[in-house]
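The residues making up each chain are set out below.
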Amino acid sequence: MRSRGPHLDSRGVALPLTLIVLTVLMLLTGMGLMLARLESRSADQSLAALQATATAESGFELAAGRWPVEAWDTLPPGVPVASGAGAYGRQLHVDSITHLGGPVYLQTAVGEVLDAGGGPLARSSLGRWMRAEPPRFPDRAAIMARGLLELGGGMSVDGGDHVPVPWGTVCPPPGSTVAAVADSTGPPVFSSGCAGGSCLTGSPALEVDSTASDSLLSSFGPWDFTTLRAAASQHLAGLIADPAPALDSVSGRCDPAVPANLGEPLDPSSPCFRFFPIASVAPGSRIERGRGQGVLLADGDLELADGFDFYGVIVVAGRLTMVGPGTRITGLVLLRHSPSDTARLTGPGEVALSRCAITRAAGRSVPLRPLPGGSWSRF
Amino acid sequence: MRLRRRRHGFTLVESMVALLLTVLVLTLVYRVLVAQQRTASLQAQQAFLQTNLRSATAFISTELREVSTDSSNPDLLAFSAESVTYRATRGSGIACGLSPTSVDLVGSPRGAFRRPQPGRDSLLVYVGAGPGHEWISGPVIGVGSPSCGGSSSMRLSTILDSVALAAASTGPLYPIRLFEIMQIKLYQSQGNHWLGARSVSAGEVIQPVLGPLDSNGLAVTFRDSAGAIATRSFEVRSGEVVIRARAAQTVHGPGGVSRLLRDTVSVVIPLRNTRP
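These numbers come from a predicted model, not from an experiment.

Undergrad: Quick question: what am I supposed to make of helix α3 (residues 355-365) of chain A here?
TA: A turn of α-helix holds 3.6 residues, and therefore any two residues three or four places apart point the same way. Residue and element names in this part refer to chain A. Here α3 lies mainly inside the structure; eight of its eleven residues are buried. Among the residues making up α3, those that are buried are Cys-356, Ala-357, Ile-358, Arg-360, Ala-361, Ala-362, Arg-364 and Ser-365. Where α3 is buried, its residues touch β16 (278-281), β18 (291-298), β20 (309-316), β21 (320-335) and β22 (342-353).

Undergrad: What am I meant to see in the interface of chain A and chain B here?
TA: The accessible area lost on association of the parts is a frequent measure of interface size. At the junction of the two partners, chain A supplies 35 residues and chain B supplies 41 residues. Between chain A and chain B lies a buried interface of about 3,100 Å² when both sides are counted; carbon and sulfur atoms form 59% of it. Counting the contacts that link chain A with chain B gives three salt bridges. Counting the contacts that link chain A with chain B gives 13 residue pairs in polar contact (both at pLDDT 80 or more). Taken together, the elements giving at least two residues each to the side of chain A that touches chain B come down to α1 (14-65), β2 (91-101), β3 (104-114), β4 (120-131) and β24 (376-378) of chain A. The greatest single-element share of the side of chain A that touches chain B, amounting to ten residues, is contributed by α1(A).

Undergrad: Is there a simple way to explain the nonpolar core in this structure?
TA: Grouped together as the largest cluster of nonpolar side chains are 66 residues, with contacts concentrated most on Phe137(A), Leu345(A) and Val351(A). Beyond its immediate stretch of four places on either side in the chain, Phe137(A) contacts Phe220(A), Leu228(A), Val295(A), Val313(A), Leu332(A), Leu334(A), Ile358(A) and Ala362(A).

Undergrad: Looking at this model, I keep getting lost on the pairing of β3(A). Mind explaining?
TA: Walk down a regular strand and you will see the side chains alternate between the two sheet faces. Residue and element names in this part refer to chain A. Buried residues dominate β3, accounting for nine of its eleven residues. Where β2 and β3 come together, ten bridges link them in antiparallel fashion. If you follow His-93 over to β3, its bridge partner there is Gly-111. Following β2, the chain reverses through two residues before pairing antiparallel with β3; Gly-102 in that reversal takes a positive phi of roughly 60 degrees.

Undergrad: Any chance you could explain the state of the cysteines here in plain terms?
TA: In protein chemistry, a disulfide is the covalent bond that joins the sulfur atoms of two cysteines. Residue and element names in this part refer to chain A. Overall, the coordinates contain three disulfides over all chains when judged by the stated rule. Covalently, Cys-171 is tied to Cys-356 through a disulfide, its sulfur atoms 1.8 Å apart. Because the sign of the S-S torsion sets the handedness, a value of about -80 degrees for the bond joining Cys-171 and Cys-356 places this disulfide among the left-handed ones. On the criterion of sequence distance, the pair formed by Cys-171 in the loop between β7 (155-158) and β8 (179-183) and Cys-356 in helix α3 is long-range, its members being 185 residues apart.

About the criteria used
- Residues numbered from 1 in each chain as written.
- Chains lettered and ligands numbered in written order.
- Predicted model: local features only at pLDDT ≥ 70, side-chain atom pairs only at ≥ 80, totals over all residues.
- Heavy atoms only, no water.
- Buried < 20%, exposed > 50% of the residue type's maximum accessible area, 1.4 Å probe, protein only.
- Helix = DSSP H or I, 4+ residues; strand = E, 2+ residues; numbered from the N terminus.
- Contact = heavy atoms within 4.5 Å.
- Buried area = accessible area lost by both parts, 1.4 Å probe.
- Salt bridge = Lys/Arg side-chain N within 4 Å of Asp/Glu carboxyl O.
- Polar contact = N/O pair within 3.5 Å; in protein donor to acceptor, adjacent residues only side chain to side chain.
- Core = buried A, V, L, I, M, F, W, Y, C linked by side-chain atoms within 4.5 Å.
- Pairing = 2+ DSSP bridges.
- Disulfide = S-S within 2.5 Å.

Laid out in structure tokens, this is it:
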């Protein structure tokens with residue numbers, strides 16, 4: 001019987017040809033995919049390396065923000081101290097600081113990017129040489145002014161170099177006595193309680209100093225009023241009553257995040273004894289009672305009242321009004337108000353020169369700066 | 001019973017049709033293969049070109065990122081659109097001791113891809129001895145045995161300014177930078193342009209780093225704080241580099257037209273050691 005089905009012995013090339021074509025196409029596709037994967041991995045690796053460096057750099061800035069403000073100059077040389085760490089998803093950074101002695105420090109930050117399994121994908125280690133550059137304040141008088149002054153009402157101004165009583169162990173012996181007041185506009189107006197300048201003590205008591213210009217009173221060596229204000233950690237405005245040291249409730253360390261924390265000048269055992277902030281004070285503010293130390297920069301008029309006790313440097317761009325009782329400044333007062341305006345210090349109160357207070361406030365208040373001539377480095 | 005004769009082979013018409021179909025299929029396959037080969041070649045050339053560009057920008061950025069433009073200690077020694085001569089950082093570290101003839105390093109240099117080489121490298125030490133003497137430099141003339149007490153520490157023989165050392169305001173530890181003077185430039189060799197580099201301090205001749213580039217394949221621009229083109233090192237606040245590269249081989253595009261792939265990349269160099 002004749003079979004109507006396909007012939008079993010028929011020949012053809014379609015199947016082998018199709019298989020060959022498919023194989024070639026698969027090989028080509030595979031090669032393309034492999035190239036694409038290599039490119040993708042290379043791009044991923046480049047991106048991860050960039051992310052690791054950026055993460056390490058962010059660590060620099062965060063570490064600067066979390067600086068152990070009260071203790072950084074007491075770190076023993078050569079010993080790295082952890083200064084912070086952070087994580088953003090799969091990006092981590094670990095930061096440290098090493099005191100090299102004197103004003104020089106090394107800040108290091110290691111940034112790392114992890115893959116999905118938690119393994120390291122990229123790592124970047126950076127270093128930054130830093131230096132403390134304190135401002136240099138003119139200390140030729142307890143009060144230096146370029147505008148008119150009115151003194152009276154039980155106010156006393158002393159150009160003798162005072163060592164604050166609680167600071168006896170950290171201050172050098174007092175230096176020479178300078179003028180109580182140096183004013184470029186001429187003698188102050190003396191009212192009741194300071195008749196004839198009787199409330200001034202100094203050598204001389206009063207100096208008419210034509211060099212007490214706005215430039216002298218706003219340029220402080222490597223810093224000026226504007227750059228110092230930009231470095232301020234405390235920002236005060238309006239009525240500031242009873243500024244006092246504040247501690248972090250968890251760590252027990254001095255807490256610079258509290259705006260009215262101006263350090264602790266009276267208790268050497270307090271963590272805030274070494275905290276000397278730069279405080280920027282808005283125009284028209286009034287600080288009453290309380291205490292503080294550091295550098296106080298007033299953008300405009302400022303009133304100090306009712307026993308506010310401050311150790312350090314006060315620079316006032318507008319008019320200063322100082323009323324008692326018991327309001328006291330130990331350090332230096334620089335008054336930049338217009339020559340046609342009058343600053344009134346009518347007590348009862350006291351302004352006393354203290355080079356130790358000036359030096360400690362200047363040296364501890366400013367943030368570290370990168371070393372000039374090459375700071376940033378791969379580590 | 002009458003048996004039919006079994007047929008073998010194809011008829012002429014069948015053979016013709018099979019031949020025609022085979023030719024058609026093979027032609028199609030050939031065209032696909034050629035197209036695939038061109039695509040693969042194009043992709044390979046593009047990948048080569050982009051790798052070249054990426055490597056060139058990474059190399060220049062890495063080399064120049066750490067240069068200081070501070071007038072007291074400039075690393076950027078000379079520059080034009082097609083050439084930059086600079087002090088390239090070859091490691092950093094901390095010194096535990098200084099003398100006019102030696103610097104003792106704590107551990108080995110960090111961020112270094114090789115050991116310090118006498119005759120090639122120099123060092124900078126931060127001593128803070130006043131204007132013009134903040135960093136003082138000296139050549140590395142020898143690498144000696146441990147000196148800081150650690151097994152991986154290192155003594156570098158050098159010649160330092162003894163007056164500046166005596167006036168040092170820092171210590172007991174000192175920042176150290178190791179560097180060599182390098183030059184990168186666009187140069188021509190055997191009819192092609194290349195990104196070349198050489199160690200000036202080691203007296204090397206220029207060597208190709210990457211390429212080939214176009215004849216205007218390297219353009220380096222440094223800008224001052226106002227964004228204007230800087231002409232002096234201490235004015236420099238930012239830098240940018242443009243690389244114009246071309247492929248090593250021609251590729252066949254659509255229609256079989258052969259062409260040379262070209263690509264350009266422009267990147268800003270993040271200079272980290274400029275004055276604010």
